[in-house]
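Structural features, examined
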Amino acid sequence: MAAVNFDKVVKSFGAFTAVHGLDLAIDEGEFVSLLGPSGCGKTTTLRMLAGLEFPTSGEISIGDRVVNDLAPGERDIAMVFQSYALYPHMTVAQNIAYPLKKRGVPKSERGAMVQKTAELLQLTELLSRKPRQLSGGQQQRVALGRALVRDPKVFLLDEPLSNLDAKLRGYMRVELVELHRRLGRTMVYVTHDQLEAMTMSDRIAVMEGGRLQQFAPPTEVYRAPANRFVAGFIGTPAMNLIDGEIRQSGGTWQFHAPGLTLDCPPLLDSARPGPACLGIRPEGVVFGSGPIEGVVQVVEQTGHENIVVARIGADMRLTGRVGAERVWQAGETVRCGIDIDRAHIFAAGAAGERLNRPGLRPVEAPAVIKAAR
Amino acid sequence: MIRRVAFNLFAWGIVLAVAFPLFWMLVTSVKPQFELFRRPPTFLPETWTLEHYIRLIQDTPFLTYFKNSIILSTATTLVVVAISTLGAYSLVRFKYRGRESLAFLVLFTYLLPSVVLIIPLYLMLVSMGLSNTIFSLVIAYTTFALPYALWLLRSFMAGIPEDLESAALVDGASRMGAFVDVILPQLLPGIISTALFTFILSWNEYLYALVLVNSDSARPLTTGVMNMLVSSFNIEWSLLMAASVMMSVPLIIVFAFLQSYLTRGFGAGGVKG
């Protein structure tokens, strides 16, 4: 059993609280990403799991063991750092062998284990080199090798791909998923890159301001964001978020914003009339026909599709994802509409929770999310 | 072109100005006594002799002083490096109240002129029964080499990524293990700079040695040589020059060895992150 459990974990640095009462239950063998913007507490969470920071309160357990008071080396984990943290004065072979040496593996066995890991990661040629003689991608593989050499219970990865170029990053993503499948170990992956989180994870824990916003499989995070923050954070281009209010007349709910009135998607029973926010992904925006009139401002051509930004009224913008066959020109007047079955309604405020019922209509698979960079 | 020539001339002028006294020291030490005060002076000695060196070693307590200086400087260097390495580690890695002010307070002691401290230090060493020993000088030199050493190593220590240590901890090392396996090798250039600084400082120090030590058996080179060769009536120039040459030699050797290590060390540190 190597499930990971956070129970009401709080971490404060002086007056600043980095993590507020985190509850997170990661299943054995699961690949979980901690996703969020800088300073959201994801790295602190990972470092607490590694034993490099100690929680102010709450309990962290790995498997059946509460690890709060265990030193990093006693937790049976391995970690890959964003900076790789290779020991510069040691050769690649020594780097990979270090965790074995520290755990008292006899020297005679170490060589074979290092060799095996090196073969797995195609590092055999590089074993006698020093880290500074390696390229970024090679250093990354050595860091991975140091983690893999000793079959730990849980792998912790702290933005391991962020220093690689885009092509190599794409390659390593596939490698990591493959590795996870083969090893079947629990992996906790910290990233600010939603593409990595979406493509690799079994589940994503979206964090913001030291709080867990949503913990769900990638498709659910995308299709049924738990609140306005998750809605705005996940997806490129970002979801259109329109501030307005919801009103109830008779049995039907309507969303009102300046120049815009729409029937709401089915709402939760807890919904009350008042300020609210309508969220619609660019693929839910229809260009070419519809009740709303706008002016095309920017057209981004990606080849297989176009991203069109239109100005509606005085200060509202609507981003749509449209086919590449029709070329829109900036300044052109356009009619657009919103596919209300794909719309979300959120309570007012930066982290207002979702007010519409999720999953009433099967939504086609999310369109390809474009890399953030 | 002209500017380059002018610059080169200027640079060589400075080199000559610095090197000439050293050259004169060397030349004087190998001139026979009768040639020393001849007018006009000879540039290169007409007769080369090592008689001053032989006299120095056979007839004077020079070797005792030399041994004292070696013991003194080595001991001071070891103590200072050991304390400042651990101190710098604490100042950089551990978080506790007053850490920054402590560091500044330490630097502040370095700003005090050493003359101010000499009397209190002397009284303290006397009451501890340490006066007139080499050990008293080790303590005295440590007090004023340590602040600078601490600051020097602190900046070196701050340049070592914390991730390296974290990685060692996760890999199963204890804190001390991580310090020895990962931090120390990274810190080597800093440790060498610090050791060099401390060694030179204690090798050349004069004032404290003069005040704190009065017995011939414990005198270091600086005061020993002055005491033995410079009196109110006479200065033994030839012996003084020979002694000076022999005093400089260890430093030059140490420097020559470590200098290459220093430059090599500076480049070796970082893996880009």
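Residues numbered from 1 in each chain as written. Chains lettered and ligands numbered in written order. Predicted model: local features only at pLDDT ≥ 70, side-chain atom pairs only at ≥ 80, totals over all residues. Heavy atoms only, no water.

**Regarding the overall build of chain B**
Within chain B, the secondary structure is distributed over 12 helices and 0 strands. The linear arrangement of helices and strands in chain B, starting from the amino end, is α-α-α-α-α-α-α-α-α-α-α-α. Viewed in the frame of its principal axes, chain B has a C-alpha envelope of about 75 × 65 × 30 Å. Within chain B, buried positions represent 42% of all 273 residues. A fraction of 71% describes how many contacts in chain B between residues 6 or more apart in sequence connect residues 24 or more apart. The positive charge centre, built from 16 side chains, and the negative charge centre, built from 13, are 8 Å apart in chain B. (Helix = DSSP H or I, 4+ residues; strand = E, 2+ residues; numbered from the N terminus. Buried < 20%, exposed > 50% of the residue type's maximum accessible area, 1.4 Å probe, protein only. Contact = heavy atoms within 4.5 Å. Lys, Arg positive; Asp, Glu negative; His and termini not counted. Charge placed at Lys NZ, Arg CZ, Asp CG, Glu CD.)

**Considerations on the pairing of strand E9 (residues 203-208) of chain A**
All names here are of chain A. Where burial is concerned, most of E9 is hidden: 5 out of the 6 residues are buried. Summarising the sheet, strand E3 (residues 31-35) and E9 pair through 4 bridges and their orientation is parallel. Pairing of leucine 35 across the sheet is with valine 206, part of E9. Bridging between E9 and strand E10 (residues 211-216) involves 5 bridges; their strand directions are antiparallel. Directly across from methionine 207, in E10, lies its bridge partner leucine 212. Counting the residues that bridge the hairpin from E9 to E10 gives 2 residues, and of these glycine 209 lies at a positive phi of roughly 60 degrees. (Pairing = 2+ DSSP bridges.)

**So, the confidence of the model for chain A**
All names here are of chain A. Looking at chain A as a whole, the pLDDT averages 89, with 95% of positions reaching at least 70. The least confident element of chain A is strand E13 (residues 260-263), whose mean pLDDT is 85; the most confident is E3, at 96. Long-range and interchain partners of residues 360-373, a stretch whose pLDDT sits below 50, account for 24 contacts in this model, where long-range means more than four residues apart. (pLDDT = per-residue confidence, 0-100.)

**Some points on the side chain of A:Lys11**
Secondary-structure assignment places A:Lys11 in strand E1 (residues 4-13). Excluding anything up to four places from it in sequence, A:Lys11 contacts A:Phe16, A:Thr17, A:Ala18, A:Val19, A:Thr44, A:Met48, A:Glu53, A:Phe54, A:Pro55 and A:Thr56.

**Regarding the state of the cysteines**
Taken as a whole and assessed by the stated rule, the structure comprises 0 disulfides over all chains. The thiol of A:Cys277 is unpaired, and the distance to the nearest cysteine sulfur, on A:Cys264, comes to 12 Å. (Disulfide = S-S within 2.5 Å.)

**Observations regarding the UniProt feature "domain: ABC transporter" (unreviewed entry) in chain A**
With numbering aligned to this structure, UniProt lists the feature "domain: ABC transporter" (unreviewed entry) at residues 4-234 of chain A. In residues 4-234 of chain A, helix accounts for 36% and strand for 26%; the two terminal C-alpha atoms are 25 Å from one another. (UniProt positions renumbered as here; feature names shortened; annotations may be inferred.)

**Description of helix H6 (residues 114-127) of chain B**
Residue and element names in this part refer to chain B. For H6, spanning 14 residues, the distance from its first C-alpha to its last is 20 Å, which sits close to the expected 20 Å at 1.5 Å a residue. Where H6 bends most, the angle comes to about 25 degrees, and this point is proline 120. Within the span of H6, buried status applies to Ile118, Leu121 and Leu125. Residues of H6 that are buried make contact with helix H7 (134-158) and helix H10 (207-212). (Expected span 1.5 Å × (residues − 1). Bend = angle between axes of the 7 residues up to and from the residue.)

**Notes on the UniProt feature "transmembrane region" (unreviewed entry) in chain B**
Taking the numbering used here, the UniProt-annotated feature "transmembrane region" (unreviewed entry) corresponds to residues 7-27, 70-92, 104-128, 134-153, 182-203 and 237-258 of chain B. End C-alpha to end C-alpha, residues 104-128 of chain B measures 29 Å, and it is 88% helix and 0% strand.

**Observations regarding the sheet that holds strand E5 (residues 65-66) of chain A**
Residues and elements named next belong to chain A. One open sheet holds the 4 strands; their spatial order is E2-E1-E4-E5, and the pairing between them is antiparallel. This sheet does not close on itself; its edge strands, each paired only once, are strand E2 (16-26) and E5. As paired strands, strand E4 (residues 57-62) and E5 are joined by 2 bridges and run antiparallel to one another. Residue isoleucine 62 lies in a different strand from E5, and its bridge partner there is arginine 65. Sheet strands touched by helix H1 (residues 42-50): E1, E2 and E4. Its angle to E1, the strand with the most contacts, is close to 115 degrees. (Axes fitted to C-alpha atoms, helices over the stretch in contact; angles between N-to-C directions.)

**Notes on the packing of aromatic side chains**
All names here are of chain B. Here the structure, examined in full by the defined rule, presents 17 aromatic pairs over all chains. An angle of 45 degrees between the planes, with centres 6.4 Å apart, marks the rings of tryptophan 24 and phenylalanine 43 as tilted. Residue tryptophan 24 is located in helix H1 (residues 2-29), and its partner phenylalanine 43 is located in the loop between helix H2 (33-36) and helix H3 (51-59); the two are separated by 19 residues in the primary sequence. The exposure class assigned to tryptophan 24 is partly exposed, which follows from its relative accessible area of 28%. When the ring of phenylalanine 199 is compared with that of tryptophan 203, the centres are 5.7 Å apart and the planes differ by 15 degrees; the resulting orientation is stacked. (Phe/Tyr/Trp six-rings, centres within 6.5 Å; stacked < 30°, edge-to-face > 60°.)

**Focus on the domain arrangement of chain A**
All names here are of chain A. Split into domains, chain A comes out as domain 1 (4-223) and domain 2 (228-347). Computed from C-alpha coordinates alone, the two centres of domain 1 and domain 2 are separated by 38 Å. At the boundary of domain 1 with domain 2, total buried surface from both sides reaches about 980 Å², with 66% on carbon and sulfur atoms. It is Gln194, Val206 and Tyr222 in domain 1 that bury the most area against domain 2; as a group they hold 52% of the surface buried on that side. Applying the counting rule to domain 1 against domain 2 returns 0 salt bridges. Linking domain 1 with domain 2 are 5 residue pairs in polar contact (both at pLDDT 80 or more), by the criterion used here. Here the residues of the side of domain 1 that touches domain 2 sort into 7 nonpolar, 5 polar and 2 charged. (Domains from an automatic or database assignment. Buried area = accessible area lost by both parts, 1.4 Å probe. Salt bridge = Lys/Arg side-chain N within 4 Å of Asp/Glu carboxyl O. Polar contact = N/O pair within 3.5 Å; in protein donor to acceptor, adjacent residues only side chain to side chain. Nonpolar A, V, L, I, M, F, W, Y, C, P; charged D, E, K, R; others polar.)

**A few points about the interface of chain B and chain A**
On the side of chain A, 25 residues touch chain B, which itself brings 21 residues to the contact. Taken over both partners, the interface formed by chain B and chain A buries close to 1,900 Å², and the fraction arising from carbon and sulfur atoms is 60%. Counting residues per element, the ones that place at least two in the side of chain B that touches chain A are helix H8 (162-170) and helix H9 (175-204) of chain B. For the side of chain B that touches chain A, the element with the highest residue contribution is H8(B), accounting for 7 residues.

**Digging into the pairing of strand E14 (residues 274-280) of chain A**
All names here are of chain A. Counting buried positions along E14 gives 6 out of 7 residues, so the element sits mostly inside the fold. Pairing between strand E11 (residues 240-249) and E14: 7 bridges, direction antiparallel. Looking at E14, one finds that glutamate 245 is bridged to proline 275. Pairing analysis gives 4 bridges linking E14 to strand E19 (residues 344-347), with the strands arranged antiparallel. What sits directly across from glycine 279, in E19, is histidine 344.

**Quick look at helix H2 (residues 92-102) of chain A**
The complete set of buried residues in H2(A) reads A:Val92, A:Asn95, A:Ile96, A:Ala97, A:Tyr98, A:Pro99 and A:Leu100. Looking one or two places after H2(A), you find A:Gly104, whose phi comes out positive at around 75 degrees.

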